[in-house]
Amino acid sequence: PGSRFGSVRLNGTVGKVPYCKIDTTIATAGGIAVDDDDNLYVASARPPTSGIWKYTGPFPTSPDADGGCGQTDGTGAPLADTVTKELFIPAGDNMLVSPNAIVAAPDTGNWYVSSVFTGVINEYTPEGAFVRTVLHQSTLWQTEFVMYLIVAATFIGAPYILLTHGHVAVDV
């Protein structure tokens, strides 16, 4: 049985997977989420499309014109006819520099959005309004401390690895 987005049947051969693109302009798609109204949200971490994008249907049901996929992109791949795209949460505000994930908050309908560069996690309403910062970016001393710990672990661990012959070696 298939879903509304197509199906894959494994019958001992590699077959064609039906698909229909809904967007070809997003720079780097990250996390995705779907709300109760079947709107699709996609996080994009890289400019020029940084932010959380909201896609509203009707979504394609098959990779042909009858299923809502009557256009083609520059490569000839099937492209959706009627999907609407809007910037839901822009990047840049409230330390949200590079949004890379979006997750629904349980019981509230709010969204949690994380930024890959700053390490911040913000909460937003179902309408995309900022509520609060849940996790702040790390301070400079924390980052420096972790780097020194990694160097220290290397210098402490390397003699032990050498002593126990844990290195990869080639005998000639």
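Our structure is the block above this text.
Residues numbered from 1 in each chain as written. Predicted model: local features only at pLDDT ≥ 70, side-chain atom pairs only at ≥ 80, totals over all residues. Heavy atoms only, no water.

Across its full length, the chain carries one helix and 10 strands. Reading the chain from its N terminus to its C terminus gives the helix and strand order β-β-β-β-β-β-β-β-β-β-α. In the chain, which comprises 172 residues, the proportion classed as buried is 28%. Expressed as a percentage of contacts within the chain between residues at least 6 apart in sequence, the contacts between residues at least 24 apart total 40%. As presented, the chain carries roughly 11,500 Å² of accessible surface, and 62% of it is formed by carbon and sulfur atoms. (Helix = DSSP H or I, 4+ residues; strand = E, 2+ residues; numbered from the N terminus. Buried < 20%, exposed > 50% of the residue type's maximum accessible area, 1.4 Å probe, protein only. Contact = heavy atoms within 4.5 Å. Areas by Shrake-Rupley, 256 points an atom, 1.4 Å probe, with all protein chains shown as cover.)

Here we take up the packing of aromatic side chains. Under the counting rule described, the total for this entry stands at three aromatic pairs. Each ring, one from Y41 and one from W111, has its centre 4.7 Å from the other, and the planes form 50°; the classification is tilted. Remark: W111 occurs in strand β8 (residues 111-115) and Y41 occurs in strand β2 (residues 40-44); sequence separation between them is 70 residues. Across the pair, W111 and Y41 agree in class, each one buried. The interplanar angle of 70° and the centroid separation of 5.8 Å between the aromatic rings of Y124 and F130 together place this pair among those described as edge-to-face. Pairwise contacts between aromatic rings join Y41, F88 and W111 into one cluster. Just above the ring of W53 sits the side chain of K85; from NZ or CZ to the centre is 4.4 Å. (Phe/Tyr/Trp six-rings, centres within 6.5 Å; stacked < 30°, edge-to-face > 60°. Lys NZ or Arg CZ within 6 Å of the ring centre and 35° of its normal.)

Another aspect to go through is the nonpolar core. Core analysis: the biggest nonpolar cluster contains 11 residues, these being A33, Y41, A43, I52, F88, I89, L96, I102, W111, V113 and Y124. Taken together, the elements giving at least two residues each to this core come down to β2, β6 (84-90) and β8. Among all residues touching I102, those that are not within four sequence positions of it are G31, I32, A33, Y41, I52, W111, Y112 and V113. Among the nonpolar cores identified, the runner-up in size contains 10 residues, and W53, F59, C69 and A80 belong to it. (Core = buried A, V, L, I, M, F, W, Y, C linked by side-chain atoms within 4.5 Å.)

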